[in-house]
Amino acid sequence: MSLELWLAFTAASVVMLLIPGPTVLIVMSYALGHGRRSAMATVAGVALGDFTAMTASMLGLGVLLSTSAALFTGLKWIGGAYLIYLGVKLWRAPISVGSESTDEPDVKPLRMMLHTYAVTALNPKSLVFFVAFLPQFLDADQPLTGQMVTMEATFLVLATLNATLYALLASAARKAVRTPSVQRAVNRTGGSLLIGAGLLTAAWKKAAA
C-alpha cells in the first residue's frame, strides 16, 4: 500500500470517526455514569466491534447484506432493537443524590464491554459502509491482502484512540453533572439519542443497486 493511499485512508477514517454515532453515545454514557474505570471496558468493546464489522465486510458479509433482503432486514432489526433497549435503560437509569459520586456499581465491566461491542458490531450500516469505503483506497496492482490488513489495523488503532478520547472527556465532565437535574437531563438526552439511532437503524433501507 502506497504512502499516499494510506494517508488518504487515515484522513478519511479520522473524519468519519470524529462524527458521533451510537458507539460514541454508549461510550460517553458509561463514562458519565462510571468514570474512567469504564474506559478500558468500553474501548475494548469498540475495538472488538469494529474488528468484527471490518473483518466480516472483508470476508464478503457486507456484499451479502447488500444483496440479501432477508439477512439485511434481520440484522438491522436486531441492531435497532438493541439500541432502543439501551436507550430506554439509560433514560430510566437511577439518579445519584448528593455530590459524592455518580458511580453505578451494579454494572460490571464485562457487561459494559459486551454492550459496547454489540452496538458497534450489530450495525448493518457499518458493514455496508466498509464495503463501499475500503475499495476506494485499494491499489489493484498490489497484493490485496496486505493492503486490507494495513487498513484494518490502521482503522482499529484510530477507533480505539477516538473511543478513549471520548471516554476520558466524558469522565472528566462528570464533575459538572453531580446535580440530579443535570444527571437526569444527560441520561434522557443520551437515551433519546440512542432510541433515535435504533429507530433510524431499523428503518434504514438498502441503497438501490
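Keep in mind the model is a prediction, meaning the values are calculated, not measured. (Residues numbered from 1 in each chain as written. Predicted model: local features only at pLDDT ≥ 70, side-chain atom pairs only at ≥ 80, totals over all residues. Heavy atoms only, no water.)

Student: Can you help me understand the overall build of the protein chain in this one?
Tutor: When its secondary structure is counted, the protein chain shows 9 helices and 0 strands. Each helix (α) and strand (β) of the protein chain, taken in turn from the N terminus, gives the series α-α-α-α-α-α-α-α-α. For the protein chain, with 209 residues in total, the buried portion stands at 40%. Within the protein chain, counting contacts between residues at least 6 apart in sequence, those at least 24 apart form 89% of the total. Split by element, the accessible area of the protein chain, about 10900 Å² in all, is 71% carbon and sulfur. (Helix = DSSP H or I, 4+ residues; strand = E, 2+ residues; numbered from the N terminus. Buried < 20%, exposed > 50% of the residue type's maximum accessible area, 1.4 Å probe, protein only. Contact = heavy atoms within 4.5 Å. Areas by Shrake-Rupley, 256 points an atom, 1.4 Å probe, with all protein chains shown as cover.)

Student: Any chance you could explain the environment of Asp141 here in plain terms?
Tutor: Here Asp141 is to be found in the loop between helix 7 (124–133) and helix 8 (144–172). For Asp141, a relative accessible area of 70% translates into the label exposed. Asp141 sits 140 residues away from Met1 along the chain, and the two C-alpha atoms are 9.8 Å apart.

Student: Is there a simple way to think about the nonpolar core in this case?
Tutor: Within the largest apolar cluster, 29 residues are counted, with the highest numbers of intra-cluster contacts made by Phe9, Ile26, Phe130, Leu134, Phe155 and Leu194. Among the elements of the structure, helix 1 (3–18), helix 2 (22–34), helix 3 (39–58), helix 5 (69–91), helix 6 (109–121) and helix 8 are those that each provide at least two residues to this core. Counting residues per element, this core draws most heavily on helix 8, at 7 residues. Excluding residues that lie within four positions of it along the chain, Phe130 makes contacts with Ala53, Met54, Ser57, Pro135 and Phe155. (Core = buried A, V, L, I, M, F, W, Y, C linked by side-chain atoms within 4.5 Å.)

Student: Help me understand a nonpolar patch on the surface, please; the structure alone is not making it clear to me.
Tutor: A contiguous nonpolar patch, built from Met1, Leu3, Trp6 and Leu7 and spanning about 350 Å² of accessible area, is present on the exposed surface. If you trace the backbone, Trp6 turns up in helix 1. (Patch = residues over 30% accessible without salt bridge, like charges linked within 9 Å, V, L, I, M, F, W, Y side chains within 5 Å. Salt bridge = Lys/Arg side-chain N within 4 Å of Asp/Glu carboxyl O.)

Student: Please clarify how the packing of helix 2 against helix 6 should be interpreted in this entry.
Tutor: Any two packed helices are characterised by the angle at which their axes cross and by the distance between the axes. Here helix 2 crosses helix 6 at 160 degrees, and the two axes come no closer than 8 Å. On the basis of the axis angle, helix 2 is roughly antiparallel to helix 6. Handedness of the helix 2/helix 6 crossing: right-handed. Judged by residue contacts, Pro22, Thr23, Ile26, Val27, Tyr30 and His34 of helix 2 engage Arg111, Met112, His115, Thr116, Val119 and Thr120 from helix 6. Per-class residue counts for the contact of helix 2 with helix 6 are 6 nonpolar, 5 polar and 1 charged. (Axes fitted to C-alpha atoms, helices over the stretch in contact; angles between N-to-C directions. Parallel < 35°, antiparallel > 145°, perpendicular 65-115°, else oblique. Left-handed = near helix turned anticlockwise from the far one by under 90°. Nonpolar A, V, L, I, M, F, W, Y, C, P; charged D, E, K, R; others polar.)

Student: Where do I start with helix 6 in this structure?
Tutor: At 3.6 residues per turn, the α-helix brings residues three or four places apart onto the same side. Taking 1.5 Å per residue as the helical rise, helix 6 with its 13 residues ought to reach 18 Å, and the 18 Å between its terminal C-alpha atoms agrees with that figure. Considered for burial, the residues of helix 6 that qualify are Met112, His115, Thr116, Ala118, Val119, Thr120 and Ala121. (Expected span 1.5 Å × (residues − 1).)

Student: Could you clarify how one ought to interpret the side chain of Thr116 in this entry?
Tutor: Tracing the backbone shows Thr116 in helix 6. A polar contact of 2.8 Å, which involves the side chain of Thr116, links it to the backbone oxygen of Met112. Once residues lying within four places of it in the same chain are set aside, the contact partners of Thr116 are Ile26, Val27, Tyr30, Thr42, Gly45 and Val46. (Polar contact = N/O pair within 3.5 Å; in protein donor to acceptor, adjacent residues only side chain to side chain.)

Student: What should I look at first to understand the packing of helix 2 against helix 8 in this one?
Tutor: Look at helix 2 against helix 8: their axes get within 8 Å of each other, and the N-to-C directions meet at 35 degrees. In this structure, the crossing between helix 2 and helix 8 has a hand that is right-handed. Within the contact between the two elements, helix 2 uses Val24, Val27, Met28, Ala31 and Leu32 and helix 8 uses Asn162, Ala163, Tyr166, Ala167, Ala170 and Ser171. When its residues are assigned to classes, the contact of helix 2 with helix 8 shows 9 nonpolar, 2 polar and no charged.

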